[in-house]
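What follows is each chain in one-letter form.
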Amino acid sequence: DQQVKQNSPSLSVQEGRISILNCDYTNSMFDYFLWYKKYPAEGPTFLISISSIKDKNEDGRFTVFLNKSAKHLSLHIVPSQPGDSAVYFCAASGIKAAGNKLTFGGGTRVLVKP
Amino acid sequence: GAGVSQSPSNKVTEKGKDVELRCDPISGHTALYWYRQSLGQGLEFLIYFQGNSAPDKSGLPSDRFSAERTGGSVSTLTIQRTQQEDSAVYLCASRQKRESEQYFGPGTRLTVT
């Protein structure tokens, strides 16, 4: 059973426009959520996170929104840049659980067209 | 400072052989994780270390997989009698404190022929 799902395997967006990536989760024990970006042949790079006590966190061009009642989070990138072209993974963990292991979604491949 | 490093970056092995994958976490990071990404899949948790002990091994797919960590630093993931389905990118991550992100290494791409 997939506890974290990214239903859009790919997304294409024009440079300068907004990219919106979505993620749904099923486990109500998750209380910490992260987005990672991955280029080919590299490890995932941390982008932004949000705790379940918040509904929004912003860092430069990246904003993560959390809707706990819907068990849904989204990542907004604005404005999108060609260097943002990568695979984006949503991840979740339970801080109260031992270890804080991450459960990942399947990823969304983003292509930003110049 | 130095990030998480992993070696080798690529490993091709014959079915049935044993392999060892190494991870050097960021200095001072007490928590260490192994994940793997099979072709077309997301990242899958394998094992977690806190210091030298492994409180959560729930993601290891079979008893052919084992891992250890020594000196609270370097970790080795060993796969015995490799099978073709073991082919994947094996990623290591480390974390400094409980409410913080995990930092990933570049991964080891394992191909079992």
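Before reading further, recall that the structure is shown in the block above.
All values derive from a computational prediction rather than experimental measurement. (Residues numbered from 1 in each chain as written. Chains lettered and ligands numbered in written order. Predicted model: local features only at pLDDT ≥ 70, side-chain atom pairs only at ≥ 80, totals over all residues. Heavy atoms only, no water.)

Draft legend 1. Spotlight on the overall build of chain B. When helices and strands are tallied, chain B shows 0 helices and 11 strands. Scanning chain B from its N terminus toward the C terminus, one meets helices and strands in the order β-β-β-β-β-β-β-β-β-β-β. Relative to a compact globule of 113 residues, whose C-alpha radius of gyration would be 13 Å, chain B shows 13 Å and is just as compact. Counting only C-alpha atoms and orienting by the principal axes, one finds that chain B spans roughly 40 × 25 × 25 Å. Residues counted as buried form 48% of the 113 residues belonging to chain B. Taking the contacts inside chain B whose residues are at least 6 apart along the sequence as the reference set, 52% of them involve residues at least 24 apart. As displayed, chain B has an accessible area near 5,400 Å², and 43% of this comes from carbon and sulfur atoms. Treating the 13 positive side-chain charges of chain B as one cloud and the 12 negative ones as another, the clouds have centres 1 Å apart. (Helix = DSSP H or I, 4+ residues; strand = E, 2+ residues; numbered from the N terminus. Rg over C-alpha atoms; globule rule 2.2 N^0.38 Å. Buried < 20%, exposed > 50% of the residue type's maximum accessible area, 1.4 Å probe, protein only. Contact = heavy atoms within 4.5 Å. Areas by Shrake-Rupley, 256 points an atom, 1.4 Å probe, with all protein chains shown as cover. Lys, Arg positive; Asp, Glu negative; His and termini not counted. Charge placed at Lys NZ, Arg CZ, Asp CG, Glu CD.)

Draft legend 2. Here's a closer look at the environment of Lys68 of chain A. All names here are of chain A. Following the sequence through the fold, Lys68 ends up in the loop between strand 7 (62-67) and strand 8 (72-77). Residues Lys68 and Ser49 lie 19 residues apart in sequence; the distance between their C-alpha atoms is 14 Å. If we skip the residues at most four places from it in the chain, Lys68 touches Tyr25 and Ser52.

Draft legend 3. Looking closely at the interface of chain A and chain B. Counting residues at the interface gives 21 residues for chain A and 19 residues for chain B. Both sides of the chain A and chain B interface together cover about 1,600 Å² of buried area, and 57% of this is carbon and sulfur. Our count for the chain A to chain B interface comes out at 1 salt bridge. The shortest N-O distance in the salt bridge between Asp56 of chain B and Lys101 of chain A comes to 3.4 Å. (Buried area = accessible area lost by both parts, 1.4 Å probe. Salt bridge = Lys/Arg side-chain N within 4 Å of Asp/Glu carboxyl O.)

Draft legend 4. Spatial organisation of the side chain of Arg69 of chain B. Residue and element names in this part refer to chain B. Relative to the assigned elements, Arg69 resides in strand 7 (residues 65-69). Among buried Asp, Glu, Lys and Arg side chains, Arg69 stands out as unpaired, with Asp24 the closest opposite charge at 9.3 Å. One polar contact links the side chain of Arg69 to the main-chain carbonyl oxygen of Gly51, over a distance of 3.1 Å. Of the polar contacts made by the side chain of Arg69, one reaches the backbone oxygen of Ser73; its length is 2.9 Å. (Polar contact = N/O pair within 3.5 Å; in protein donor to acceptor, adjacent residues only side chain to side chain.)

Draft legend 5. Focus on unusual backbone geometry. The linkage connecting Val78 of chain A with the following residue, Pro79 of chain A, adopts the cis geometry, with an omega of -5 degrees. Examined against the element boundaries, Pro79 of chain A turns out to sit in the loop between strand 8 and strand 9 (86-93). Following Ser7 of chain B, the chain continues to Pro8 of chain B via a peptide bond in cis, the omega torsion being -10 degrees. Mapped onto the elements of the fold, Pro8 of chain B is located in the loop between strand 1 (5-7) and strand 2 (10-13). Non-glycine residue Ala41 of chain A carries a positive phi angle of around 65 degrees. Mapped onto the elements, Ala41 of chain A comes out in the loop between strand 4 (32-38) and strand 5 (45-51). The phi dihedral of Arg81 of chain B is positive, around 50 degrees, even though this residue is not glycine. Structurally, Arg81 of chain B is set in the loop between strand 8 (75-79) and strand 9 (88-95). Take Arg81 of chain B: its relative accessible area is 43%, and that puts it in the partly exposed class.

Draft legend 6. Broad picture of the sheet that holds strand 8 of chain A. Residues and elements named next belong to chain A. Spatial ordering of the open sheet is given by 1-3-8-7-6, a layout of 5 strands whose pairing is antiparallel. Each edge of the open sheet is held by one strand with a lone partner, namely strand 1 (4-5) and strand 6 (56-59). Taken together, the 6 bridges between strand 7 and strand 8 define a ladder with antiparallel strand orientation. Residue pairing across strands places Val64 opposite Leu75, the latter belonging to strand 8. (Pairing = 2+ DSSP bridges.)

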